[in-house]
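So you can see what is in the structure, the chains are spelled out below.
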Amino acid sequence: MNMKIIVETSARHIHLTAEHIEVLFGKGSALTVRNELSQPGQFASLERVDLVGPKGTIKNVLILGPARKSTQVEISLTDARKLGIKPPVRESGDIKGSAGIKLAGPAGEVIIDEGVIVAKRHAHLTPEVAKEWNIANNEIVLLKIDGERALIFDEVVVRVSDKFAPAVHLDTDEANAAGCIGEVYGTIIKK
Ligand SMILES: [Zn+2]
């Protein structure tokens, strides 16, 4: 079986609560859709905020919608070094005890004590594809990427949901290490 899957690079981004959107952009503010993402219902917004760390600032960071229950910042280890913080590698949503940061928007600032993570590399699968490939939710698989910087990634966690579209998400450090430019497909290998 050929378990070929699109590999998307997930650049640094922020998920915000509705409350934090109002603090950063003003009362009554909501996110404006710029474009839809591959995962159904998720979108990149037009809004931007700055991440302010003890050692540096990263300006104009993308915000993904819709609003969430917890504010979460997903950055690369390169970004973490620039900001001067030490976020853990975690799955999305698992933010307890993670790093804090200051977010600065046009209308105000928010300081979070936790919520900054380096996203664990992962594959989104639909239940149909997971069944066909005999892969379970939370299974750890390998991902092989071909090309002149060919690389096999270990520790790719698979998440299965009927709300997903099949795709692997790597961060910019990982994608650059494997020379991912343009539309890239990888192959999942069971361990
Ligand atoms: Zn993802």
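Refer to the structure printed above.
Residues numbered from 1 in each chain as written. Predicted model: local features only at pLDDT ≥ 70, side-chain atom pairs only at ≥ 80, totals over all residues. Heavy atoms only, no water.

Caption draft 1: Examining the environment of Val61 more closely. Within the fold, Val61 resides in strand S5 (residues 57–65). For Val61, a relative accessible area of 1% translates into the label buried. Taking the C-alpha atoms as reference points, Val61 and His13, 48 residues apart in sequence, are found 6.0 Å from one another. (Helix = DSSP H or I, 4+ residues; strand = E, 2+ residues; numbered from the N terminus. Buried < 20%, exposed > 50% of the residue type's maximum accessible area, 1.4 Å probe, protein only.)

Caption draft 2: Up close: the sheet that holds strand S14 (residues 184–190). Reading around the barrel, the six strands line up as S1-S13-S10-S12-S11-S14 and close back on themselves, with mixed pairing between neighbours. Between one strand axis and the next, the sheet turns through 40 degrees on average, direction left out of account. (Pairing = 2+ DSSP bridges. Axes fitted to C-alpha atoms, helices over the stretch in contact; angles between N-to-C directions.)

Caption draft 3: Structural detail: the environment of Val160. Along the polypeptide, Val160 turns up in strand S12 (residues 151–160). You can call Val160 partly exposed: its relative accessible area is 24%. A sequence separation of 43 residues divides Val160 from Ile117, and the C-alpha atoms of the two residues are 21 Å apart.

Caption draft 4: Representation of the coordination of the zinc ion within the structure. Protein-derived ligands of the zinc ion are His122 (NE2), His124 (NE2) and His169 (ND1), with the metal-ligand distances lying across 2.0 to 2.1 Å. Each donor residue of the zinc ion belongs to the same chain, and together they define the spacing H-x1-H-x44-H. Remark: His169 occurs in strand S13 (residues 167–171) and His122 occurs in strand S10 (residues 122–125); sequence separation between them is 47 residues. For His122, a relative accessible area of 8% puts it in the buried group. Take His169: its relative accessible area is 14%, and that puts it in the buried class. (Donors = N, O, S within 2.8 Å, 3.2 Å for Na, K, Ca; no water.)

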